[in-house]
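# Working through the structure, step by step
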Amino acid sequence: MNCPLCNAQNEDIIFENTLFRIILVDEIPGYIRVITQKHIKEFSELNDNEAIELTLAIKKIEKTMLKFLNPDKINIASLGNMVPHLHIHIIPRYKNDPWWPNATFCEKLRNFQYPPFDKEKYKKEIKSCF
Ligand SMILES: [Zn+2]
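Attention here is on the structure that accompanies the text. Owing to the predicted nature of the structure, the values given are computational and were not obtained by experimental measurement.

Moving on: the pairing of strand β2 (residues 20-24). Both strand β1 (residues 12-16) and β2 contribute to a ladder of four bridges, which runs antiparallel. Note on β2: the bridge partner recorded for aspartate 12 is leucine 24. Between β1 and β2, which follow one another and run antiparallel, lie three residues. As defined by bridge partners, β2 adjoins strand β3 (residues 32-36) across five bridges and the pair is classed as antiparallel. Note on β3: the bridge partner recorded for arginine 21 is isoleucine 35.

Counting along an α-helix, one turn takes 3.6 residues, and residues three or four places apart therefore face a common direction. Taking 1.5 Å of rise per residue, the 22 residues of helix α1 (residues 48-69) would be expected to cover 32 Å, and the 31 Å separating its terminal C-alpha atoms lies within 8% of that figure. For α1, the complete set of buried residues consists of Ala57, Ile61 and Met65. Along α1, the residues classed as buried sweep out an arc of 75 degrees about the axis, all on the same side. Pointing more than 90 degrees away from the buried face of α1 are the exposed residues Asp48, Asn49, Ile52, Leu56, Lys59 and Lys67. Looking at the buried side of α1, the elements it contacts are β2, β3, β4 (73-77), β5 (87-93) and α2 (119-127). Phi for asparagine 70, located one or two positions after α1, is positive at around 50 degrees.

Glancing now at the nonpolar core. Ranked by size, the top nonpolar core spans 13 residues in total, and within it Ile22, Ile32, Val34, Ile61 and Ile90 carry the most contacts. Those elements giving two or more residues to this core turn out to be β2, β3, α1 and β5. Excluding anything up to four places from it in sequence, valine 34 contacts Phe20, Ile22, Leu54, Ala57, Ile58, His87, Ile88 and Ile90.

By secondary structure assignment, the location of lysine 59 is in helix α1. Along the chain, lysine 59 and tyrosine 122 lie 63 residues apart, while their C-alpha atoms are 16 Å from each other.

Rules behind the numbers
Residues numbered from 1 in each chain as written. Predicted model: local features only at pLDDT ≥ 70, side-chain atom pairs only at ≥ 80, totals over all residues. Pairing = 2+ DSSP bridges. Helix = DSSP H or I, 4+ residues; strand = E, 2+ residues; numbered from the N terminus. Expected span 1.5 Å × (residues − 1). Buried ≥ 20, exposed ≤ 12 C-beta atoms within 10 Å, placed from the backbone. Arc of directions from axis to C-beta. Contact = placed C-beta atoms within 7 Å. Core = buried A, V, L, I, M, F, W, Y, C linked by C-beta atoms within 7 Å.

Take a look at the structure:
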């Protein structure tokens, strides 16, 4: 199968188990992506226990993100139009970030200096939730 998420390389994996892996995405400071280990297209293809586990993982990540990065908002998105393998984007948002108030998948409106953060400490903090 020619799926970039099934054949992922060079991911910055923070944590993984049999259901999902959590990676840090460098495109935006603090940006996290949660990717299911199996190739499924839609959230409803998870069984109930898996859906609960994944949802709670997202909640933990969001909480850590709020505490650690202090963003104005967190965006959680599952699109998969381009890559139909279930993955959830968890994105810290700041008023005046390059896309605000639009989604980060839209065109950039401006430049923005992201607040500095300790990447390794952040990863450790997220990992400690699991
Ligand atoms: Zn896949």
